[in-house]
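Commentary on secondary and tertiary structure
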Amino acid sequence: MANLTNKEYLNLPLDTLLLERGYTLKRDKCSKASTILFNDKELLIVTRQSNGNYLYFNPNEEKDRGNIFSYCKNRGIKVSTLLESKNLEELQSIIF
């Protein structure tokens, strides 16, 4: 895995990473500003700030929100595990 700065990690398309992690897109609830993803355990809303950073939040759990680092910390995984076997240059967001 390439050595990225914290800013570069925050600019990785979190929505796409979560889709590849087994989440499903809830198309009828998505908008240009946010993507709604779910799996058998949770619902997540992913947005992209004007500075390019991706944020997520779980509307059912107030403390489950933040960036890619928060997502990994809240689930007890390493960021490197989330990015394992990914070609980071080819990742494309579905948020416009």
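Our subject is the structure listed above.
First things first, this report covers the structure right here in the doc. Everything numeric in this text was worked out from a predicted model, so none of it was measured. (Residues numbered from 1 in each chain as written. Predicted model: local features only at pLDDT ≥ 70, side-chain atom pairs only at ≥ 80, totals over all residues. Heavy atoms only, no water.)

Okay, the side chain of N67 next. Within the secondary structure, N67 sits in the loop between β5 (61-66) and α3 (68-75). In this structure the side chain of N67 is engaged in a polar contact, spanning 2.9 Å, whose partner is the backbone nitrogen of F69. Discounting chain neighbours no more than four positions away, the residues touching N67 are L10, Y54, L55 and Y56. (Helix = DSSP H or I, 4+ residues; strand = E, 2+ residues; numbered from the N terminus. Polar contact = N/O pair within 3.5 Å; in protein donor to acceptor, adjacent residues only side chain to side chain. Contact = heavy atoms within 4.5 Å.)

Another point: unusual backbone geometry. Notably, S85 is not glycine yet its phi reads approximately 60°, a positive angle. Note that S85 resides in the segment after α4 (79-83). Overall, S85 belongs to the exposed group, its relative accessible area being 78%. (Buried < 20%, exposed > 50% of the residue type's maximum accessible area, 1.4 Å probe, protein only.)

A few words on α3. Taken residue by residue, α3 has I68, Y71 and C72 as its buried positions. Looking straight down α3, one finds its buried side chains confined to an arc of 90°; they lie on one side. Tucked inside the fold, the buried residues of α3 contact α1 (6-10), α2 (14-20), β3 (43-48), β4 (54-58) and α4. One side-chain oxygen of the residue at the start of α3 lies 2.9 Å from the amide nitrogen of F69, identifying that residue as N67. Positive backbone phi, at 70°, marks G76, one or two positions downstream of α3. (Arc of directions from axis to C-beta.)

Bringing the nonpolar core into the picture now. L18, V46, I68, Y71 and L83 are the most contacted members of the largest nonpolar core, which has 22 residues in total. The set of elements that each furnish at least two residues to this core consists of α1, α2, β3, β4, α3 and α4. Excluding residues within four positions of it along the chain, L18 makes contact with Y23, L37, L44, V46 and Y71. (Core = buried A, V, L, I, M, F, W, Y, C linked by side-chain atoms within 4.5 Å.)

On to the packing of aromatic side chains. Counting across every chain of the model gives three aromatic pairs. Relative to F69, the ring of Y9 has its centre 5.6 Å away and its plane inclined at 65°; by these criteria the two rings are edge-to-face. With Y9 in helix α1 and F69 in helix α3, the pair connects residues that are 60 residues apart, well separated along the chain. Between K26 and the ring centre of F38, over which it is positioned, the NZ or CZ distance is 5.9 Å. (Phe/Tyr/Trp six-rings, centres within 6.5 Å; stacked < 30°, edge-to-face > 60°. Lys NZ or Arg CZ within 6 Å of the ring centre and 35° of its normal.)

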